[in-house]
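# Examining the three-dimensional arrangement
Given next are the chains, with one letter for each unit.
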Amino acid sequence: MTLTASAAPPETPPPAAGGPGGPGAAGVVQRHLAAAPELEQAVWAAARSAPARLRAAAGLLLAAVLATGLDWASSLAWLRGDADPADPGDGMRVPTEEAAPAAEGRVAAESAFLRNEAEWTNWCRRTRTEAGTAGTGLGEWHAHLAGVLADLRRLDRAGRLDAPAGSVFRRLVELHQRRLGLTPAERAQASWLVSLAVLRTAPRGPFFADGPEALDRRLHEEAKYAPATILDQMPDLVGAGTEGRQPLPVRGAPLPLAGQHADLPGLAQVLLARRSAYGTYQGPLTAEELGRLLYHSAAVTAEKAMPGAEASLRVRPHPSGGSRYPLRLLAYCHDVQGVPRGLYLHDPDAHALLPLDARDLTGELIPAVPATDPRLPATKAGGKIDAAGCPLWLFVVADLTYQRLHYGLRSYRLVLLEGGHVAQNLSLVSTGLGLSSVGLCGFYDDALHAALGLDGVNSAVLYTYLVGRVSGPATPD
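Given the structure is predicted, the values throughout are model-derived calculations rather than measurements. (Residues numbered from 1 in each chain as written. Predicted model: local features only at pLDDT ≥ 70, side-chain atom pairs only at ≥ 80, totals over all residues. Heavy atoms only, no water.)

### Looking at the pattern of salt bridges
Test applied: Just to be clear on terms, a salt bridge is a Lys or Arg side-chain nitrogen sitting within 4 Å of an Asp or Glu carboxyl oxygen. For the purposes of this entry, the term helix denotes a DSSP run of H or I that reaches at least four residues, the term strand denotes a run of E that reaches at least two, and both are numbered from the N terminus. Buried residues are those whose accessible area, probed at 1.4 Å on protein chains only, stays under 20% of the maximum for their type, while exposed residues exceed 50% and partly exposed ones sit between those limits.
Under the counting rule described, the total for this entry stands at 19 salt bridges. For the salt bridge of Arg341 with Asp360, the shortest nitrogen-to-oxygen distance reads 3.1 Å. Taken as a pair, Arg341 in the loop between strand 8 (336-337) and strand 9 (342-347) and Asp360 in the loop between strand 10 (352-357) and helix 13 (362-365) lie far apart in primary sequence, 19 residues in all. Look at Arg341 and you get partly exposed, because its relative accessible area is 41%. Arg375 is the partner of Asp373 in a salt bridge, and the nearest nitrogen-oxygen pair spans 2.8 Å.

### Describing a nonpolar patch on the surface
Rules: What makes a patch is a set of residues exposed beyond 30% relative accessible area and free of salt bridges, joined within 9 Å when like-charged and within 5 Å when nonpolar (Val, Leu, Ile, Met, Phe, Trp, Tyr). Note on areas: Shrake-Rupley, 1.4 Å probe, and residue coverage restricted to the protein chains presented here.
On the surface, a cluster of nonpolar side chains totalling about 330 Å² of accessible area is made up of Leu219, Leu409, Tyr412 and Leu416. Structurally, Leu416 is set in helix 15 (residues 411-432).

### Describing the confidence of the model for the protein chain
To keep it simple, the criterion reads: Confidence scores labelled pLDDT are given residue by residue by the predictor and lie between 0 and 100. What makes two residues a contact is simply this: any of their non-hydrogen atoms within 4.5 Å.
Here the protein chain shows a mean pLDDT of 87. Residues at 70 or above account for 89%. This model gives residues 4-16 a pLDDT under 50, and the stretch forms 24 contacts once residues within four places in sequence are excluded. Contacts from residues 84-95, a stretch scored under 50 in pLDDT, to residues over four places away or in other chains number 25 contacts.

### Considering the packing of aromatic side chains
As a reminder of what qualifies: For this analysis, a ring pair means two rings from Phe, Tyr or Trp (six-membered ring only for Trp) whose centres lie within 6.5 Å, classed as stacked if their planes differ by under 30 degrees, edge-to-face if by over 60, and tilted for the remaining angles. Any Lys NZ or Arg CZ that is within 6 Å of a ring centre and within 35 degrees of that ring's normal is treated as a charge sitting over the ring.
Counted according to the given criterion, the structure contains four aromatic pairs. Ring centres 5.2 Å apart and planes at 70 degrees place the aromatic pair Trp120 and Trp123 in the edge-to-face group. A residue pair is termed a helical-turn pair when its members lie 3 or 4 positions apart in one helix, as Trp120 and Trp123 do in helix 5 (residues 117-131) at three residues. Neither Trp120 nor Trp123 differs from the other in exposure class; each is buried. Ring plane angle 80 degrees and centroid distance 5.3 Å describe the contact between Phe207 and Phe208, whose orientation is recorded as edge-to-face. Of the two residues, Phe207 and Phe208, neither departs from the other in class, the shared state being exposed. Over the ring of Tyr225 we find Arg410, and its NZ or CZ is 4.2 Å from the ring centre.

### Quick notes on unusual backbone geometry
Peptide bonds are mostly trans, and most non-glycine residues show a negative phi. Across the junction of Gly283 and Pro284, the peptide omega takes the value 0 degrees, indicating a cis bond. Tracing the backbone through its elements, the reader meets Pro284 in the loop between strand 3 (279-282) and strand 4 (285-286). For Tyr325, which is not a glycine, the phi torsion comes out positive at approximately 50 degrees. As for its placement among the helices and strands, Tyr325 is situated in the loop between strand 6 (313-315) and strand 7 (327-333). One non-glycine residue with positive phi stands out, namely His351, at about 50 degrees.

### Concerning the nonpolar core
To be explicit about the condition: Side-chain atoms within 4.5 Å link the members of a nonpolar core, which is a set of buried Ala, Val, Leu, Ile, Met, Phe, Trp, Tyr and Cys residues.
Core analysis: the biggest nonpolar cluster contains 56 residues, and Trp123, Leu152, Phe169 and Val194 have the highest contact counts within it. Contributions of two or more residues to this core are made by helix 1 (26-44), helix 2 (50-68), helix 3 (72-83), helix 4 (99-115), helix 5, helix 6 (137-157), helix 7 (165-179) and helix 8 (184-199). When residues in this core are grouped by element, the largest group, 12 residues, is from helix 2. The contact partners of Trp123, leaving out residues within four places of it in the chain, are Arg55, Ala58, Gly59, Leu62, Val194 and Ala197. In terms of nonpolar packing, the next biggest core, distinct from the first, is built from 32 residues, Ile385, Val438, Phe443 and Leu448 among them.

### Here we look at the pairing of strand 12 (residues 392-399)
For the record, the criterion: Between any two strands, pairing holds if DSSP finds at least two bridges.
The element strand 12 is largely enclosed, with a buried count of eight among its eight residues. Of the two faces of strand 12, both are covered, the one formed by Leu392, Leu394, Val396 and Ala398 as well as the one formed by Trp393, Phe395, Val397 and Asp399. Where strand 7 lies against strand 12, seven bridges are found, and the strand directions are antiparallel. The partner of Cys333 across the bridge, within strand 12, is Leu392. Strand direction decides the pairing type here: strand 12 and strand 14 (residues 459-471), joined by eight bridges, are antiparallel.

### Focus on empty space enclosed by the protein
The condition is simple: For each structure, a 1 Å grid was placed over the protein atoms alone; sets of points admitting a 1.4 Å probe that cannot get out are labelled cavities, open sets with protein on both sides within 12 Å along at least five of seven lines are labelled pockets, and lining residues have an atom within 4 Å of a point. Grid points are joined across faces, edges and corners, and a volume is the space filled by probe spheres set on the points. Classification used: nonpolar for Ala, Val, Leu, Ile, Met, Phe, Trp, Tyr, Cys and Pro, charged for Asp, Glu, Lys and Arg, polar for all others including Gly.
By the definition in use, this model includes four cavities of 30 Å³ or more. Forming the walls of the largest cavity are Glu40, Ala57, Leu60, Leu61, Ala64, Trp141, Val173, His176, Gln177, Leu180 and Leu182. Mapped by element, the contributors of at least two residues to the lining of the largest cavity are helix 2 and helix 7. With four residues, the top contributor of residues to the lining of the largest cavity is helix 2. Class assignment of the residues belonging to the lining of the largest cavity gives a composition of eight nonpolar, two polar and one charged.

### A short note on the side chain of Ser411
Positionally, Ser411 belongs in helix 15. A residue is classified by how much of its surface remains accessible, and Ser411, at 7% relative accessible area, is buried. In this structure, Ser411 is in contact with Gln403 and Arg404, ignoring residues within four places of it in sequence.

### Thoughts on helix 8
Definition in use: Every helix has an expected span of 1.5 Å times one less than the residues it contains.
For helix 8, which comprises 16 residues, the first-to-last C-alpha distance of 23 Å matches the rise-based estimate of 22 Å (1.5 Å per residue) to within 8%. Among the 16 residues in helix 8, 14 count as buried, and that is most of the element.

### Regarding the environment of Ala103
Tracing the backbone through its elements, the reader meets Ala103 in helix 4. Along the sequence, Ala103 and Ala447 sit 344 residues apart, while their C-alpha atoms lie 7.3 Å from each other.

### With respect to the packing of helix 12 (residues 287-298) against helix 15
Filter applied, for reference: Lines fitted to C-alpha atoms define the axes, with helix axes restricted to the stretch in contact, and inter-axis angles between N-to-C directions lie between 0 and 180 degrees. Roughly parallel here means an angle under 35 degrees, roughly antiparallel means over 145, roughly perpendicular means 65 to 115, and every remaining angle is called oblique. If you view the pair so one helix is near and one far, a crossing is left-handed when the near helix is turned anticlockwise from the far one by less than a right angle, and right-handed when it is turned clockwise.
Direction vectors running N to C along helix 12 and helix 15 enclose 140 degrees, while the axes themselves pass 9 Å from each other. Taken together, the axis directions place helix 12 and helix 15 in an arrangement best described as oblique. In this structure, helix 12 crosses over helix 15, and the sense of that crossing is right-handed. In contact with Arg292, Leu293, His296 and Ser297 of helix 12, helix 15 contributes Asn425, Leu426, Val429 and Ser430. Among the residues forming the contact of helix 12 with helix 15, the class breakdown is three nonpolar, four polar and one charged.

See below:
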């Protein structure tokens with residue numbers, strides 16, 4: 001995919017009273033739009049080729065992100081939300097016809113970046129420097145945007161905006177991209193390229209290369225506890241709270257679920273019967289089956305008292321370091337009787353489903369998982385899965401930042417361990433309910449995150465589970 005935007009953007013019409021921020025922001029927005037074309041053109045006019053236009057569009061966007069003053073993780077979430085029309089970051093839904101172009105742009109960005117990581121990481125360093133230097137094209141653009149955002153924040157504090165200042169600013173950035181002639185796919189490509197360049201401070205090494213500098217070796221070594229450093233490594237935050245969890249906007253009333261099921265078979269029986277099922281997944285499931293699966297796998301089932309603790313702790317059917325519970329379960333219900341089709345967040349305290357997205361996600365989920373993608377051959381380790389009629393997809397999501405605030409480098413080990421605890425529960429309870437299931441760790445992370453509305457930075461999928469009734473063989477694992 002190449003950028004085809006023209007080098008001469010059309011004249012910007014004056015904003016209407018219903019423009020970004022509403023009537024209270026009209027003055028600031030109009031002054032901004034009057035000054036912006038000349039500043040944009042100082043960067044854009046020299047971009048004659050498609051690669052140069054891509055770098056110019058990405059540079060203008062990076063300068064805008066730097067103007068927000070967000071930290072790196074929030075910047076990545078901002079950029080990736082901007083690249084994903086299903087998650088504009090301000091509680092608004094963008095037309096679903098832009099979902100396919102956004103996926104095209106994300107794939108194009110990954111391809112361009114991975115072909116030359118060194119070039120793009122160096123570009124990011126140079127662009128940051130230019131954006132912070134007065135007198136340069138990006139420097140003047142950055143200073144102008146920082147001033148606009150400061151004005152919007154003052155209006156926000158005075159209660160004169162119809163949306164938070166950050167959301168209004170974000171809409172202005174998209175307006176500039178549209179004015180430059182960028183298509184939805186091109187806007188997504190620029191956003192994802194910038195996010196990848198911000199995240200990667202150095203090119204990746206070969207995927208299977210081993211040695212002391214391999215990332216997994218370094219993480220394992222640097223996350224070790226030692227007597228000489230244990231006092232500095234002990235967690236210093238008390239209680240769970242919500243800091244570090246990506247907010248997931250709920251769009252509808254909670255849907256209560258069925259709870260405890262007294263007729264499940266014994267543990268020894270389900271341990272011996274559990275299998276990963278490949279083949280054709282079919283429905284329907286019932287809301288009662290879904291409720292019992294989630295209740296026995298991940299719902300709050302009791303409280304326990306801890307010596308010296310001021311309050312009792314609510315516990316679930318799986319262990320969690322410090323009772324932090326950094327995992328959440330998302331459920332895409334495609335064919336569950338009594339549950340409208342859509343994406344839900346499981347609320348473990350109320351044991352209810354919270355609606356997140358009413359779209360049919362099958363077309364986005366199937367190609368995001370190689371085992372379910374009919375275009376790809378079966379792997380040696382497993383088999384193919386026909387998931388077109390799969391009634392239930394479950395996603396074990398780790399709130400990485402939330403856990404890291406408490407456990408530092410040790411947190412990644414802990415979320416992976418807890419993911420295994422939850423996955424085993426899902427497998428065993430599915431078996432006990434007479435259902436087939438399979439856990440899949442092979443998926444295109446960012447494609448799956450985009451489909452589910454996750455930023456992939458603060459909150460990311462660890463495991464994908466398919467649950468249903470399968471015709472075909474089960475593998476012996």
